[in-house]
Amino acid sequence: MPNETIQVTLKTFAQLRELRGVDSEELELPSQTSVAQLFERVFGEGPLAKLPVAFALNHALVPPTTLLSDGDTLALLPPVGGG
Amino acid sequence: MFELSATRLDVKRYRDAVEHHSCGALMVFEGTVRNNFDGRPVRALEYQAYPELALPVMEQITAELHRSHPKARVAIAHRTGTLALGEVSMVIAVATPHRAGCYEASRFLIEALKERLPVWKKEIFTDGDAHWKANDPDASPGPGSA
């Protein structure tokens, strides 16, 4: 199924959100896309390409190599600043 | 009690939530908006949160505390939105049977939350400039440092 695509909801925060201009968006991606590849695809050419982000898939932290599935929600988390 | 709030935090609510006759010590930590960052005048802070993960992270960190302090009673709240100078950005209320555990628990919670809570802070300076500021992972001062 090499030509299959998946629909993913992307949530962003802080400087990533300001760059996108929206807090959430729907993306169509090739299947077998990893969470790190999604970041690269969306932000890889821009000013935040080197930002060390963490990944939350369906609201749980996951490693960068985790593969996306159709219907997933991926959140990209810049370094946190609470307190 | 774990909360994110877009409006002013009622500190007493969190204090009262942890108070219990089994506990002889109770501490409330308040994070507040400071008027400068490294001497540069700050006008306000803006906080953004990821609620679907922030509340579970508060629960997880409390569960980790309970491994060493099983009787600790904990309430955590963090603000979102734009905060003026002096406003309370975060409340950590903790009650324990004895004072030593209370200091330890409060310190453990603030350091873990600073490192892991998915909340972001924008510093808005008086000159109109603004930037998103991450917590410094190495800025966990031990006793004796300011």
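A quick note: this is a predicted structure, and the numbers were derived from the prediction, not measured. (Residues numbered from 1 in each chain as written. Chains lettered and ligands numbered in written order. Predicted model: local features only at pLDDT ≥ 70, side-chain atom pairs only at ≥ 80, totals over all residues. Heavy atoms only, no water.)

1. Points about the overall build of chain B
Short version of the rule: Here a helix means four or more residues in a row that DSSP labels H or I, a strand means two or more in a row labelled E, and each is numbered from the N terminus. Just to be clear, the radius of gyration here is over C-alpha atoms, and the globule rule we use is 2.2 Å times residues to the power 0.38. Relative accessible area decides the class of each residue, using a 1.4 Å probe on protein chains only: under 20% of the type maximum gives buried, over 50% gives exposed, and in between gives partly exposed. Whether two residues are in contact is decided by their heavy atoms: any pair within 4.5 Å suffices. With residues, only the protein chains shown are counted as cover, and all accessible areas are computed by Shrake-Rupley using a 1.4 Å probe.
Tallying secondary structure elements over chain B gives three helices and nine strands in all. Relative to the globule expectation of 15 Å for 146 residues, the C-alpha radius of gyration of chain B, 16 Å, shows essentially globular dimensions. Taking the principal axes of its C-alpha atoms as reference, chain B extends roughly 50 × 35 × 25 Å. Taking all 146 residues of chain B together, 43% fall into the buried category. Nonlocal contacts in chain B, meaning residues at least 24 apart in sequence, comprise 73% of its contacts between residues at least 6 apart. In the structure as shown, chain B presents an accessible area of about 7700 Å², 51% of it carried by carbon and sulfur atoms.

2. Describing unusual backbone geometry
Residues and elements named next belong to chain A. We note that Gln32 has phi near 70°; this positive angle belongs to a residue other than glycine. One non-glycine residue, Asn58, lies in the positive phi region at around 50°. Inspection of the secondary structure assignment puts Asn58 in the loop between β3 (54–57) and β4 (60–62).

3. Here we look at the layout of surface pockets
Put simply, the rule is: Of the two site types, the cavity is a set of points on a 1 Å grid over the protein atoms alone where a 1.4 Å probe fits but cannot get out, and the pocket is an open set with protein on both sides within 12 Å along at least five of seven lines, each lined by residues with an atom within 4 Å of a point. Grid points are joined across faces, edges and corners, and a volume is the space filled by probe spheres set on the points. Under this grouping Gly is polar, as are all residues other than the nonpolar Ala, Val, Leu, Ile, Met, Phe, Trp, Tyr, Cys and Pro and the charged Asp, Glu, Lys and Arg.
Taken as a whole, the second largest pocket encloses approximately 180 Å³ of empty space. If you trace the second largest pocket, you find 14 residues lining it, with A:Leu61, A:Leu77, A:Val80, B:Glu115 and B:Arg116 closest to the centre. Breaking the lining of the second largest pocket down by element, the ones donating at least two residues are α2 (51–68) and α3 (99–116) of chain B. Among the elements that line the lining of the second largest pocket, the one with the most residues is α2(B), at three residues. Classifying every residue of the lining of the second largest pocket by side-chain character gives eleven nonpolar, one polar and two charged.

4. Concerning the pattern of salt bridges
All names here are of chain B. Quick reminder of the rule: Salt bridge, as used here, is a side-chain nitrogen of Lys or Arg placed within 4 Å of a carboxyl oxygen of Asp or Glu.
Scanning all chains against the criterion turns up eleven salt bridges over all chains. When the shortest N-O distance is used, the salt bridge between Arg15 and Glu19 registers 3.3 Å. Linked by salt bridges that have partners in common, Lys12, Arg15, Asp16 and Glu19 make up one network.

5. Comments concerning the packing of aromatic side chains
Stated precisely, the cut-off is as follows: Here the aromatic set is Phe, Tyr and Trp, taking the six-membered ring for Trp, and pairing holds for ring centres within 6.5 Å; pairs whose planes are under 30 degrees apart are stacked, those over 60 apart are edge-to-face, and all others are tilted.
Scanning all chains against the criterion turns up three aromatic pairs over all chains. Ring centres 4.9 Å apart and planes at 35° place the aromatic pair A:Phe13 and B:Tyr50 in the tilted group. With one member in each of two chains, A:Phe13 in the loop between β1 (5–12) and α1 (14–20) and B:Tyr50 in the loop between β4 (40–49) and α2 form a pair that bridges those chains. The same class applies to A:Phe13 as to B:Tyr50, namely buried.

6. Focus: the sheet that holds β3(A)
All names here are of chain A. This is how it is decided: Whether two strands pair depends on DSSP finding at least two bridges between them. Only the stretch in contact is used when fitting a helix axis, every axis being a line fitted to C-alpha atoms; angles between N-to-C directions are given from 0 to 180 degrees.
Overall, mixed pairing links the five strands, which are arranged β2-β1-β5-β3-β4 in an open sheet. Strands with a single pairing partner mark the edges of an open sheet, and in this sheet they are β2 (24–30) and β4. Across the sheet, the axes of successive neighbouring strands diverge by a mean angle of 35°, strand direction being ignored. Across seven bridges, β1 lies against β2 in antiparallel orientation. In the sheet register, Thr9 faces β2, and the bridge partner there is Glu26. Relative to β2, helix α2 (residues 35–43) is tilted by about 110°, and along the sheet it contacts β1, β2, β3, β4 and β5 (73–77).

Coordinates in, geometry out; function isn't part of it.
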